[in-house]
Amino acid sequence: MDKILFWSPRILTIIFILFLALFAFDVFEGEQSLIKKLGGFLIHLLPNFVLILLLMVAWKHEWIGTIAFTLAGIAYIIMFWGRFPVATYLIISGPLFLIAILFWLNWKNRKKLLYKNEVNIPTGE
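Below or above, wherever it landed, is the structure these notes cover. (Residues numbered from 1 in each chain as written. Predicted model: local features only at pLDDT ≥ 70, side-chain atom pairs only at ≥ 80, totals over all residues. Heavy atoms only, no water.)

### Points about the pattern of salt bridges
And then number 1: Scanning the model with the defined rule gives one salt bridge in all.
And then number 2: Salt-bridge contacts for Glu-62 lead to Arg-10; the nearest nitrogen and oxygen are separated by 3.0 Å. With Glu-62 in helix α4 (residues 62-80) and Arg-10 in helix α1 (residues 2-22), this pair connects stretches of sequence that are 52 residues apart.
And then number 3: The class of Glu-62 is buried, set by a relative accessible area of 2%. (Salt bridge = Lys/Arg side-chain N within 4 Å of Asp/Glu carboxyl O. Helix = DSSP H or I, 4+ residues; strand = E, 2+ residues; numbered from the N terminus. Buried < 20%, exposed > 50% of the residue type's maximum accessible area, 1.4 Å probe, protein only.)

### Examining the nonpolar core
And then number 1: Core analysis: the biggest nonpolar cluster contains 15 residues, and Phe-16, Leu-51, Phe-69, Leu-96 and Phe-103 have the highest contact counts within it.
And then number 2: Those elements that provide at least two residues to this core are α1, α3 (46-58), α4 and α5 (86-108).
And then number 3: No other element matches α5, which puts six residues into this core.
And then number 4: Apart from the residues within four sequence positions on either side, Leu-96 is in contact with Phe-16, Leu-51, Phe-69, Ala-72 and Gly-73. (Core = buried A, V, L, I, M, F, W, Y, C linked by side-chain atoms within 4.5 Å. Contact = heavy atoms within 4.5 Å.)

### Thoughts on α3
And then number 1: End to end, α3 covers 18 Å across 13 residues, agreeing with the expected 18 Å (1.5 Å per residue, within 8%).
And then number 2: Inspection of α3 places Asn-48, Leu-51, Leu-55 and Ala-58 among the buried residues, and these make up the whole buried set. One face of α3 carries all of its buried residues, which in axial projection span an arc of 85°. Those residues of α3 that are exposed and aimed more than 90 degrees away from the buried face are Leu-53 and Met-56. (Expected span 1.5 Å × (residues − 1). Arc of directions from axis to C-beta.)

### Looking at the packing of α3 against α4
And then number 1: Two elements in contact, α3 and α4, have axes separated by 7 Å at closest approach and are oriented at 150°. By the angle class used here, α3 and α4 are roughly antiparallel. Touching Leu-51, Leu-54, Leu-55, Val-57 and Ala-58 of α3 are Glu-62, Ile-64, Gly-65, Ala-68 and Phe-69, all from α4.
And then number 2: Of the residues belonging to the contact of α3 with α4, the class tally is eight nonpolar, one polar and one charged. (Axes fitted to C-alpha atoms, helices over the stretch in contact; angles between N-to-C directions. Parallel < 35°, antiparallel > 145°, perpendicular 65-115°, else oblique. Nonpolar A, V, L, I, M, F, W, Y, C, P; charged D, E, K, R; others polar.)

### What to know about the packing of α4 against α5
And then number 1: Running from N to C, α4 and α5 cross one another at 165°; their axes reach a closest spacing of 7 Å. On the basis of the axis angle, α4 is roughly antiparallel to α5. Between α4 and α5 the crossing geometry is left-handed. Where α4 abuts α5, its residues Glu-62, Trp-63, Gly-65, Thr-66, Phe-69, Thr-70, Ala-72, Gly-73, Ile-74, Tyr-76, Ile-77 and Phe-80 lie against Thr-88, Tyr-89, Ile-92, Ser-93, Leu-96, Phe-97, Ile-99, Ala-100, Phe-103, Trp-104, Asn-106 and Trp-107.
And then number 2: Counted by class, the contact of α4 with α5 contains 16 nonpolar, seven polar and one charged residues. (Left-handed = near helix turned anticlockwise from the far one by under 90°.)

### Digging into α4
Helical geometry: 3.6 residues make up each α-helical turn, so side chains three or four residues apart lie on a common side.
And then number 1: With 19 residues, α4 ought to run about 27 Å at 1.5 Å a step, and its terminal C-alpha atoms sit 27 Å apart, in line with that.
And then number 2: Looking at α4, one finds that the buried residues are Glu-62, Gly-65, Thr-66, Ala-68, Phe-69, Ala-72, Gly-73 and Tyr-76.

### Remarks on the packing of aromatic side chains
And then number 1: What the rule picks out here adds up to 11 aromatic pairs.
And then number 2: When the ring of Tyr-76 is compared with that of Phe-80, the centres are 4.9 Å apart and the planes differ by 45°; the resulting orientation is tilted. With Tyr-76 and Phe-80 both in helix α4 and four residues apart, this pair spans about one turn of that helix.
And then number 3: A relative accessible area of 15% means that Tyr-76 is categorised as buried.
And then number 4: Ring centres of Phe-84 and Tyr-89 lie 6.5 Å apart, and the angle between their planes is 65°; this geometry places the pair in the edge-to-face category.
And then number 5: Its relative accessible area of 5% is what places Tyr-89 among the buried residues.
And then number 6: The aromatic ring of Trp-59 is capped on one face by Arg-10, whose charged end is 5.4 Å from the ring centroid. (Phe/Tyr/Trp six-rings, centres within 6.5 Å; stacked < 30°, edge-to-face > 60°. Lys NZ or Arg CZ within 6 Å of the ring centre and 35° of its normal.)

Structural data, given as structure tokens:
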């Protein structure tokens, strides 16, 4: 169970980043040149690059992940409020808040998780 708790925010963040990347592919519709489409694709992936950087920092420092992913969820709601139905905010910000909670749980239980990992390595259990 402890390994699941340790890996869950990291795996969920990777899945969420891949989910967000799907929305960038809408750039390839239309009659623009390939260069403009690729430029638009990279611009649409900027939030993904930011989330990847946050994940890299949060991988070692869970408290930073807690704060950063909470702020990312709040920032999305503030920046896009009124443009979409409420379900959209839940689909995008909801996983960010869940990831923040999971990083907080990891941070809170860090000593217990590290101690169990150290104890289990020599015994092989």
